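One letter stands for each residue in the lines below.
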Amino acid sequence: MEENDKFWGTGAEMSDASRSVIGTILRVNTFAYVVTIVIGVPGNLWVVWKVGVVLLFGRSSTVPRQILYCIFVICCADLLVLCDLLLLVHFQISEQWVFGEVTCKLFYCVEVLNKFLIPVALVHISRASYRSVCVKQEVKKERHHVCLIAANVLAAATVLMLMVFVGYFSKTYWLPPKSMTVCSFMPPPYWEIGFNLTAFFLGYIMTTVAYVYFYANVPILLKRHYSANVRSGQRINSQSLLRIRRTVTAFVVVYLICWTPYWVLFWFLSMVDILHKWMVVVSAFTHLLPYIACTAYPVILTAMNKEIRSAHSSIIDSKKRQLSTIRQGALQAMIAQSGMIQSWMRLGMIPKANTIVEIPEFSDGEVAQL
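Treat the numbers as computed from the prediction; the structure is a model and nothing was measured.

K.L.:
Would you take a moment to explain the overall build of the protein chain for this structure?
P.N.:
Looking only at helices and strands, one finds ten helices and two strands in the protein chain. Secondary structure elements in the protein chain, listed N-terminal to C-terminal, are α-α-α-α-α-β-β-α-α-α-α-α. Within the span of the protein chain, comprising 370 residues, buried residues form 38% of the whole. Per element, the accessible surface of the protein chain, about 21800 Å² overall, is 67% carbon and sulfur.

K.L.:
Mind showing me how you'd approach the packing of helix α3 (residues 65–94) against helix α4 (residues 100–133) here?
P.N.:
How two helices pack is summed up by the angle between their axes together with the distance between the axes. Direction vectors running N to C along α3 and α4 enclose 155°, while the axes themselves pass 9 Å from each other. One way to sum up the angle between α3 and α4 is to call them roughly antiparallel. Both α3 and α4 take part in a crossing whose hand is left-handed. Across the contact of α3 with α4, the residue classes tally to 20 nonpolar, five polar and three charged.

K.L.:
Looking at this structure, I do not really get the UniProt feature "transmembrane region" (unreviewed entry) in the protein chain. What am I missing?
P.N.:
Under the feature "transmembrane region" (unreviewed entry), the UniProt entry names residues 31–57, 69–93, 105–125, 146–170, 190–214, 248–272 and 278–300. Secondary structure content for residues 105–125 is 100% helix and 0% strand, while the C-alpha to C-alpha distance between its ends is 30 Å. In this annotation, residues 248–272 is assigned 88% helix and 0% strand; the end-to-end C-alpha distance for the span is 37 Å.

K.L.:
So what exactly am I meant to see when it comes to the side chain of Asn44 here?
P.N.:
Along the chain, Asn44 falls in helix α2 (residues 16–57). A relative accessible area of 0% means that Asn44 is categorised as buried. Not counting the four nearest positions on each side in its chain, Asn44 is found in contact with Cys75, Asp78, Leu79, Leu82, Cys294, Thr295 and Pro298.

K.L.:
Teacher, can you tell me more about the packing of aromatic side chains here?
P.N.:
The way to describe two aromatic rings as a pair is by their centre distance and the angle between their planes. By the definition in use, this model includes 19 aromatic pairs. Each ring, one from Phe116 and one from Trp263, has its centre 6.5 Å from the other, and the planes form 65°; the classification is edge-to-face. With Phe116 in helix α4 and Trp263 in helix α7 (residues 238–269), this residue pair connects regions lying 147 residues apart in the sequence. Neither residue differs from the other here; Phe116 and Trp263 are each classed as buried. With a centroid separation of 5.6 Å and an interplanar angle of 75°, the aromatic rings of Phe200 and Phe201 are classed as edge-to-face. Put simply, the rings of Trp97, Phe99, Phe107, Tyr108, Phe165, Tyr168, Phe169, Phe185, Tyr190, Trp191 and Phe195 pair up and form one aromatic cluster.

K.L.:
Explain unusual backbone geometry to me, please; I cannot follow it from the model alone.
P.N.:
When glycine is set aside, most residues are seen to have a negative phi, and most peptide bonds are trans. Phi at Glu95 is positive, roughly 55°, even though this residue is not glycine. Here Glu95 lies in the loop between α3 and α4.

K.L.:
Where do I start with the state of the cysteines in this structure?
P.N.:
A full pass over the atoms with the stated rule returns one disulfide. Paired through a disulfide, Cys104 and Cys183 show a sulfur-sulfur distance of 1.9 Å. Sign of the S-S torsion, about 85° for the bond between Cys104 and Cys183, identifies this disulfide as right-handed. One end of the pair, Cys104, is in helix α4; the other, Cys183, is in strand β2 (residues 180–185), with 79 residues separating them in the sequence. With no disulfide of its own, Cys294 lies 9.0 Å from the sulfur of Cys258, the closest cysteine sulfur. Given the relative accessible area of 2%, Cys294 is considered buried.

K.L.:
What am I meant to see in the pattern of salt bridges here?
P.N.:
Once the charged atoms of two side chains with opposite charge are near each other, the side chains can pair. According to the stated counting rule, one finds one salt bridge in the structure shown. As a salt-bridge pair, Glu111 and Lys115 come within 2.9 Å of each other at their nearest N and O atoms. Here Lys115 and Glu111 lie together in helix α4, a separation of four residues that amounts to about one turn. Both residues of the pair, Glu111 and Lys115, belong to the buried class.

Rules and cut-offs
Residues numbered from 1 in each chain as written. Predicted model: local features only at pLDDT ≥ 70, side-chain atom pairs only at ≥ 80, totals over all residues. Heavy atoms only, no water. Helix = DSSP H or I, 4+ residues; strand = E, 2+ residues; numbered from the N terminus. Buried < 20%, exposed > 50% of the residue type's maximum accessible area, 1.4 Å probe, protein only. Areas by Shrake-Rupley, 256 points an atom, 1.4 Å probe, with all protein chains shown as cover. Axes fitted to C-alpha atoms, helices over the stretch in contact; angles between N-to-C directions. Parallel < 35°, antiparallel > 145°, perpendicular 65-115°, else oblique. Left-handed = near helix turned anticlockwise from the far one by under 90°. Nonpolar A, V, L, I, M, F, W, Y, C, P; charged D, E, K, R; others polar. UniProt positions renumbered as here; feature names shortened; annotations may be inferred. Contact = heavy atoms within 4.5 Å. Phe/Tyr/Trp six-rings, centres within 6.5 Å; stacked < 30°, edge-to-face > 60°. Disulfide = S-S within 2.5 Å. Salt bridge = Lys/Arg side-chain N within 4 Å of Asp/Glu carboxyl O.

Written out as structure tokens, the structure is:
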């Protein structure tokens, strides 16, 4: 919402027609936000269901657990971001921030997850995919684990520091020209430049280079492996190679389309004070792209991964068979218990039926006494 603050300065110069057009476009943008939430929340919950089951019960799954953990983390972060988006939708509809300053700080802290944590998780997925097709014998597993733990700790510490920084300088304030309360991230100028540089290089440049490098090398390595198999007389599966190339290309294209315009506009907005009215439209729909990524990317990662879906289906079928066996066993136990109870009841009735009650005989004198 910090971009909107710069747009309010152009309100006096706008004609009524311009305000009407921009208002209509912003309403369309708000509707697009709502559609993104409606599609994204069930989609991420579906991925959590698929991946969560494999994580809990798929110990023998062929999918690397690092990839499963990263997808699960991405989905949880996406759900937070999409729920956070509801606050922005309310602000665009009511044009008032009514949730207080604490919620304002939390709003921008969750935005940090979208801009930094999710790209880092995507890099981990691409690296795990790269290592799964890399057959270098000289790779030392112990060194790999140490480097991976160190990288995760460093990434977590960086994201945490950025969240603290963003939360500290996020606040609400009253905007007199529009008579509205606004939630905005407003660091001091000397801090803002450093934050923008850090955000740009850590959140986009470094992650994009690593992400594209690892994923671009996956089909190259697979092609080398298949070529070696052909030379050794083994059959090459060209359809699988083509499918992997398409999948990798889709990942890279979606990532670049959703994040490149956002960061270009982000850097542009940090260097100007007052924007022209046409930038309202550009900013509104550019800001929508990362949220679309939150909706599309986890679903693509799972829907296009047959191994995850196959592992999930196998686990569900196995659990259904186990549940059916348990039900049958419980039913048989109930039937056996019922038969035992009936047997006990019959055994309890037999002595009563065969017992002869002896009635004592009384003499006339005893009867008279009675």
